[in-house]
Amino acid sequence: MSSDEEQTSLLNNRAGYHGQSHWNRLKKSTMIIRAFCVFSVLIALAGGTWIIQRCLNTNKEIDFSSLKDYCKHIPSIQSDEYTGRHKRLAKTLEAENVDALIMEGGASMVYYTNIEWSLSERAFMVILRVNSSEPTGIHTTIVTPAFEATRAQESLKHANLPSTIQPDIVEWLEHKSPFESVKSLFQNDKPESVIIEQNARLFIYEGVSNALKDTRVVMAPQSIRKLRMVKSSAELDIMRCANTVTDLAIRAVRPHIQVGMTEFDIQKIMSRALEVAGLTNTWVLALVDENAALPHGSSSTKKITKESTVLIDTGGEILKYQSDVTRTFFMGERGTNQTIEDAWYLVRRAQENVLNRTGAGMSCAELDLTARHVIESGGFGRYFTHRLGHGIGLEGHEEPYLNQGNTDQFVTPGMTFSVEPGIYVTHQFGIRLEDVVVVGQDGKLELLTSGLAQNPWTL
Ligand SMILES: *[C@@H]1O[C@H](CO)[C@@H](O)[C@H](O)[C@H]1NC(C)=O
Ligand SMILES: *[C@@H]1O[C@H](CO)[C@@H](O)[C@H](O)[C@H]1NC(C)=O
Ligand SMILES: *[C@@H]1O[C@H](CO)[C@@H](O)[C@H](O)[C@H]1NC(C)=O
């Protein structure tokens, strides 16, 4: 074969090959197009379904507009109120024969100076010192790390204190001791006795004690601590609104809690309701069935069944004051489990007994026992494993603490605390109902929520 022939036959072969495969290729591309069409339709369907689902979900997003910015109309603490706080402190310090109260960042600092300062290893202190030349009877000094002085100035400006309170700012350098600054404040007039606020850390106590040799340095006694326990009407307005809307938010969430949801799902819905209501720093404890037997259990993926008992303990902050409300409810109908139902009504009756029969002049221990008596007589005494309640205000848990041992703390008008009896049967179930109350001027307990739960189904 010549090379030309070779060429031709190769070409022919190629042409032949082309000719034979044409039909096959056509078939193949049709299949590809078909597959592509089917694939496109599937994608479109999936996309469409996704879009429709998104739309439905958006429509299903729960409407909490009735709670929207519920406490917007409540005024914050006015600057004049700080004058009264300083005057009451001056009187109490004098009565205790004490020269000064020293504190770190925290609720007491907010109470006396409206300054919020997070704790760190560097001491930042406010010193409230008796001084009769001051209009309030108190001279205020801020001791700050030198490099934080600008931030301290800004916090002070932002605090918007009245003209009666004009704090000095004293700076300490990184290589010096903050307690030498404290010492220098007192160098001309050595104090006999100073008080350290109850939540201050040990190095503050030791630092002050070592710097002020021969001065008695003690923790704040009850008379000082009580100043914060008794709330003013402005504080009560904020707390009433914060706790009422927290209660209303649980009631608004209740109809949307369904079988199959997890504790985390409840948390999500509840947080949203509180945020719509305008609360900040919100928190939610959602516990289902035996998980609720741990009073401070943590939420999980545990699911709600049609016979479940659900406990929601939740709260947040309005204008720096805290709310804290607990509701326990049943997914099953009346009669699903008589033991658990009886326990719920017993806890409810314990709350009512405290509201009906206790008030100003009684000890914290007596309040606890008034609730405990009901639960004991119902046969669940050993399952009421914690105290009746705790004070609440700028802190979620503060004094007074309502426990059987607190026999020398008496409740007085203006004190705010939770009334939260519970029954916790390990590995089985837990019931708690919690409402915040104030001791009224008439000495009776008054609810700061929208009302006790009426029943374990609709609340
Ligand atoms: C008492 O207050 C007056 C008025 O602010 C001030 O001049 C004086 O230094 C204060 N005394 C002490 C010991 O802080
Ligand atoms: C509390 O007082 C109300 C109103 O007087 C009354 O209906 C209720 O039975 C009382 N509850 C208890 C537990 O004493
Ligand atoms: C009611 O619940 C408790 C605790 O979970 C359980 O031990 C008991 O068997 C239940 N009773 C009925 C009738 O289901």
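Here is what the cut-offs are and how they apply
Residues numbered from 1 in each chain as written. Chains lettered and ligands numbered in written order. Predicted model: local features only at pLDDT ≥ 70, side-chain atom pairs only at ≥ 80, totals over all residues. Heavy atoms only, no water. Helix = DSSP H or I, 4+ residues; strand = E, 2+ residues; numbered from the N terminus. Buried < 20%, exposed > 50% of the residue type's maximum accessible area, 1.4 Å probe, protein only. Contact = heavy atoms within 4.5 Å. Areas by Shrake-Rupley, 256 points an atom, 1.4 Å probe, with all protein chains shown as cover. Pairing = 2+ DSSP bridges. Axes fitted to C-alpha atoms, helices over the stretch in contact; angles between N-to-C directions. Near = heavy atom within 4 Å. Polar contact = N/O pair within 3.5 Å; in protein donor to acceptor, adjacent residues only side chain to side chain. Nonpolar A, V, L, I, M, F, W, Y, C, P; charged D, E, K, R; others polar. Core = buried A, V, L, I, M, F, W, Y, C linked by side-chain atoms within 4.5 Å. Domains from an automatic or database assignment. Arc of directions from axis to C-beta. pLDDT = per-residue confidence, 0-100. Disulfide = S-S within 2.5 Å. Left-handed = near helix turned anticlockwise from the far one by under 90°. Expected span 1.5 Å × (residues − 1). Parallel < 35°, antiparallel > 145°, perpendicular 65-115°, else oblique. Salt bridge = Lys/Arg side-chain N within 4 Å of Asp/Glu carboxyl O.

1. As for the overall build of the protein chain
1) Next: Helix and strand content of the protein chain: 11 helices and 17 strands.
2) Next: Looking at the protein chain residue by residue over its 459 residues, the buried ones come to 50%.
3) Next: For the protein chain, the share of sequence-separated contacts (at least 6 apart) that also reach a separation of at least 24 residues comes to 68%.
4) Next: A total of about 23,100 Å² of accessible surface is found on the protein chain, and carbon and sulfur atoms cover 52% of it.

2. Focus: the sheet that holds strand β3 (residues 138–145)
1) Next: The strand order across the open sheet formed by six strands is β4-β3-β2-β1-β5-β6, and the pairing between neighbours is mixed. This sheet does not close on itself; its edge strands, each paired only once, are β4 (168–172) and β6 (216–219). The mean inter-strand angle of the sheet, taken between neighbouring strand axes irrespective of direction, is 25 degrees.
2) Next: Here strand β1 (residues 100–103) runs beside strand β5 (residues 193–196); their pairing, made up of three bridges, is parallel. Each bridged residue has a counterpart across the sheet, and for Ile102 the counterpart in β5 is Ile196.

3. Notes on the site of ligand 3
1) Next: As a structural note, the neighbourhood of ligand 3 is formed by Asn337, Ile340, Gln428 and Phe429.
2) Next: Here an oxygen atom of ligand 3 and a side-chain polar atom of Asn337 are 2.2 Å apart.
3) Next: At 3.3 Å from an oxygen atom of ligand 3 is found a side-chain nitrogen or oxygen belonging to Gln428.
4) Next: Relative to its unbound accessible area of 360 Å², ligand 3 is 42% covered by the protein chains.
5) Next: A per-class count over the shell around ligand 3 returns two nonpolar, two polar and no charged.

4. Some points on the nonpolar core
Inside soluble globular proteins, nonpolar side chains tend to come together where they are buried.
1) Next: Leu89, Leu101, Phe417 and Ile423 are the most contacted members of the largest nonpolar core, which has 105 residues in total.
2) Next: By residue number, the principal contributor to this core is helix α8 (residues 233–253), which donates nine residues.
3) Next: Counting only domains with at least three residues in this core, you end up with domain 1 (79–229) and domain 2 (231–447).
4) Next: Dropping the residues within four chain positions of it, Ile423 is found in contact with Ala343, Leu346, Val347, Ile375, Phe380, Tyr383, Phe429, Gly430 and Ile431.
5) Next: If you look at the next biggest cluster of nonpolar residues, it comprises 18 residues, including Ile196, Ala200, Ile204 and Leu212.

5. As for helix α6 (residues 202–211)
1) Next: Buried residues of α6: Ile204, Gly207, Val208 and Ala211, and no others. In a view along the axis of α6, the buried residues occupy a sector of 95 degrees, so they form one face of it.
2) Next: Structurally, α6 contributes buried residues whose contacts are with β1, β2 (125–130), α5 (178–185), β5 and β6.

6. So, the confidence of the model for the protein chain
1) Next: Across the protein chain, the average pLDDT comes to 91, with 87% of residues at 70 or higher.
2) Next: Counted against residues more than four places away or in other chains, residues 1–19, with its pLDDT under 50, gives one contact.

7. So, the state of the cysteines
1) Next: For the structure shown, the criterion picks out one disulfide.
2) Next: Linked covalently through their sulfurs, Cys71 and Cys241 form a disulfide whose S-S length is 2.1 Å. The sign of the S-S torsion, about -100 degrees, decides the handedness of the disulfide formed by Cys71 and Cys241: left-handed. Placement of the pair is Cys71 in the loop between α1 (3–60) and α2 (80–95) and Cys241 in helix α8, with a sequence separation of 170 residues.
3) Next: Judged by its relative accessible area of 7%, Cys241 is buried.

8. A closer look at the site of ligand 2
1) Next: Surveying the vicinity of ligand 2 reveals the residues Arg349, Glu352, Asn356 and Arg357.
2) Next: Within the side chain of Asn356, an N or O atom sits 2.3 Å from an oxygen atom of ligand 2.
3) Next: Within the side chain of Arg357, one N or O atom sits 2.9 Å away from an oxygen atom of ligand 2.
4) Next: Here ligand 2, which alone exposes 360 Å², has 42% of that area covered by the protein.
5) Next: When its residues are assigned to classes, the shell around ligand 2 shows no nonpolar, one polar and three charged.

9. Re the packing of helix α10 (residues 338–357) against helix α11 (residues 364–377)
1) Next: Interhelical geometry of α10 versus α11 gives an angle of 145 degrees and a closest axis separation of 8 Å. Crossing geometry of α10 relative to α11 is assigned as right-handed. Along the contact surface, α10 presents Leu346, Val347, Arg349, Ala350, Asn353, Val354 and Arg357, while α11 presents Leu367, Thr370, Ala371, Val374 and Ile375.
2) Next: Here the residues of the contact of α10 with α11 sort into eight nonpolar, two polar and two charged.

10. Quick notes on α2
1) Next: Compared with the 22 Å implied by 1.5 Å per residue over 16 residues, the 24 Å span of α2 between its first and last C-alpha is a close match.
2) Next: Where α2 is concerned, the buried positions are Glu81, Tyr82, Thr83, Arg85, His86, Leu89, Ala90, Thr92 and Leu93.
3) Next: The first or second residue beyond α2 is Asn97, which carries a positive phi of 60 degrees.

11. Concerning the packing of α8 against helix α9 (residues 263–276)
1) Next: Two numbers describe how α8 lies on α9: the axes approach to 9 Å, and their chain directions differ by 135 degrees. What the angle tells us is that α8 and α9 run oblique. The crossing of α8 and α9 is right-handed. From α8, Thr246, Ala249, Ile250 and Val253 reach across to α9, where they touch Ile269, Met270, Ala273 and Leu274.

12. Section: the pattern of salt bridges
1) Next: With the rule as written, the count across this model stands at 24 salt bridges.
2) Next: Between Asp237 and Arg240 there is a salt bridge, with its nearest N and O atoms 3.5 Å apart. Taken together, the residues Asp237 and Arg240, both in helix α8 and three residues apart, mark about one turn of the helix.
3) Next: Residue class for Asp237 comes out partly exposed when judged on its relative accessible area of 37%.
4) Next: Note that Arg251 and Asp247 form a salt bridge whose closest N and O atoms lie 2.7 Å from each other.

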